[in-house]
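Here is how the chains run, residue by residue.
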Amino acid sequence: MQDPAANTDVVICECFCRDGLQHETIMLPAEVKIDLVDRFSALGFQRIEATSYSNPAVIPQFGDASEVLAGIERLQDVHYKATCPNPRAVQRALADLQAGRGATEISMLVSASESHSQRNLKRSRADQWENVREMAELAAGRFRLVGTISVAFGCPFEQAVDAGRVIEDAIRFREYGVQYITLGDTTGMATPHTVRGLFRALRAELPDANLIAHFHDSRGTALANCVAALEADVRYFDAAIGGVGGHPAKVQYGGGYTGNACTEDLVDLFEAMGVRTGIDLPALLETGRHCETVLERKLGGHVTHTGANPLRPL
């Protein structure tokens, strides 16, 4: 499977069915999720976060992870991602892969702050890094690996996060064979200035890594930060239709509002800037309205209702 960045200027990972739904209290049937993933594939997304192997007792929305992965219609050159919080999750991912229904990409998570690690993962940073080492060994050569660093730009419990620690975490991921490194702005503390600075510093340390920007819109700055990341030579972005998502519904922080960068608005902005995303924008807006029907509420996408920018290059 070729690198999706070969065909577009940027690659946007649609996270609605994982990071989006984990914040929702509504329980969608597996067949609805399967339909959504298939719709996202048809829109032109080259990376889709299809599900999570999280403990269903903690995040019940993902108790159907294997069923969803078994039911989707897979398109060539589309990576389907599953989040794995611990070695047991990787074992589940491997079992599904061996059964012919697995993810092609898995993500592993650490927190840049000790407090967030204890609150979000229920373990220390040291213990989680031991988990990551074991997970990477289990998964080596079977999946494309993504290492995500949460609260990379600021922590809701400790506030400032040392940029040097974030860079050290990224280097450690690379030492474990992880090629794709995500910096997560978990509660919207990043600014364009800090985004450019951290990504440029990280690029200097790891020139061969594929860097991913994952911004939440808690303070209305997600799109500005995406543009700043683009200026820092980042080409991979995470987003969710309607700007849904954030922390699990049972884990509250950041004032309870931590929604993702909105896919429709981000695609429209990039395309208006002349940045190719490979996404069918008119069909994306229709899908955004469909997602509102699925979740039975109006979502946060602006262009879903105003229409795409008529001045964008066609």
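Placed above this text is the structure.
Peer 1: Summarise empty space enclosed by the protein; cite the residues concerned and give the values.
Peer 2: In the structure shown here, the tally under the stated rule is one cavity of 30 Å³ or more. Estimated volume of the largest cavity: approximately 30 Å³. In terms of lining residues, the largest cavity is bounded by Leu 21, Glu 24, Ile 26, Met 27, Leu 28, Lys 33 and Gln 61. A per-class count over the lining of the largest cavity returns four nonpolar, one polar and two charged.

Peer 1: Break down the packing of aromatic side chains for me, citing the residues and quoting the values.
Peer 2: In this description, an aromatic ring pair is defined by two values, namely the gap between the centres and the angle between the planes. Summed over all chains, the structure comprises eight aromatic pairs. Here the aromatic rings of Trp 129 and Phe 173 are separated by 4.9 Å at their centres, their planes lie at 55 degrees, and the arrangement is tilted. Taken as a pair, Trp 129 in helix H6 (residues 125–139) and Phe 173 in helix H7 (residues 163–175) lie far apart in primary sequence, 44 residues in all. For the pair Trp 129 and Phe 173, one class covers both residues: buried.

Peer 1: Break down the pattern of salt bridges for me, with residues and values.
Peer 2: Overall, the coordinates contain 15 salt bridges when judged by the stated rule. With a shortest N-O distance of 2.7 Å, Asp 35 and Arg 39 are connected by a salt bridge. Note that Asp 35 and Arg 39 are positioned in helix H2 (residues 30–43) at a spacing of four residues, about one turn of the helix. By relative accessible area, Arg 39 is classed as partly exposed at 32%. Residue Arg 235 pairs with Asp 233 through a salt bridge whose shortest N-O separation is 3.6 Å. Overall, the relative accessible area of 41% leaves Asp 233 in the partly exposed class.

About the criteria used
The residue numbering used here restarts from 1 in each chain and proceeds along that chain's sequence as written. With the structure being a predicted model, the display of local features is reserved for residues of pLDDT at least 70 and the display and counting of side-chain atom pairs for 80 or more, all residues being used for whole-chain, interface and lining totals. Hydrogens and water molecules were not included; the side-chain quantities draw on all heavy atoms of the structure. A 1.4 Å probe that fits but cannot get out identifies a cavity on a 1 Å grid over protein atoms alone, an open set with protein on both sides within 12 Å along at least five of seven lines counts as a pocket, and a residue lines either if it has an atom within 4 Å of a point. Grid points are joined across faces, edges and corners, and a volume is the space filled by probe spheres set on the points. For this classification, Asp, Glu, Lys and Arg are treated as charged, while Ala, Val, Leu, Ile, Met, Phe, Trp, Tyr, Cys and Pro are nonpolar and the rest, including Gly, are polar. Any two of the Phe, Tyr and Trp rings considered here, Trp counted by its six-membered ring, make a pair once their centres fall within 6.5 Å; the pair's planes then place it as stacked at under 30 degrees, edge-to-face at over 60, or tilted in between. Numbering of helices and strands starts at the N terminus; helices are DSSP runs of H or I of at least 4 residues and strands are runs of E of at least 2. Only protein chains enter the accessibility calculation, which uses a 1.4 Å probe; a residue whose area is less than 20% of its type maximum is buried, one above 50% is exposed, and one in between is partly exposed. Basic side-chain nitrogens of Lys or Arg form a salt bridge, by our definition, when they fall within 4 Å of a carboxyl oxygen of Asp or Glu.

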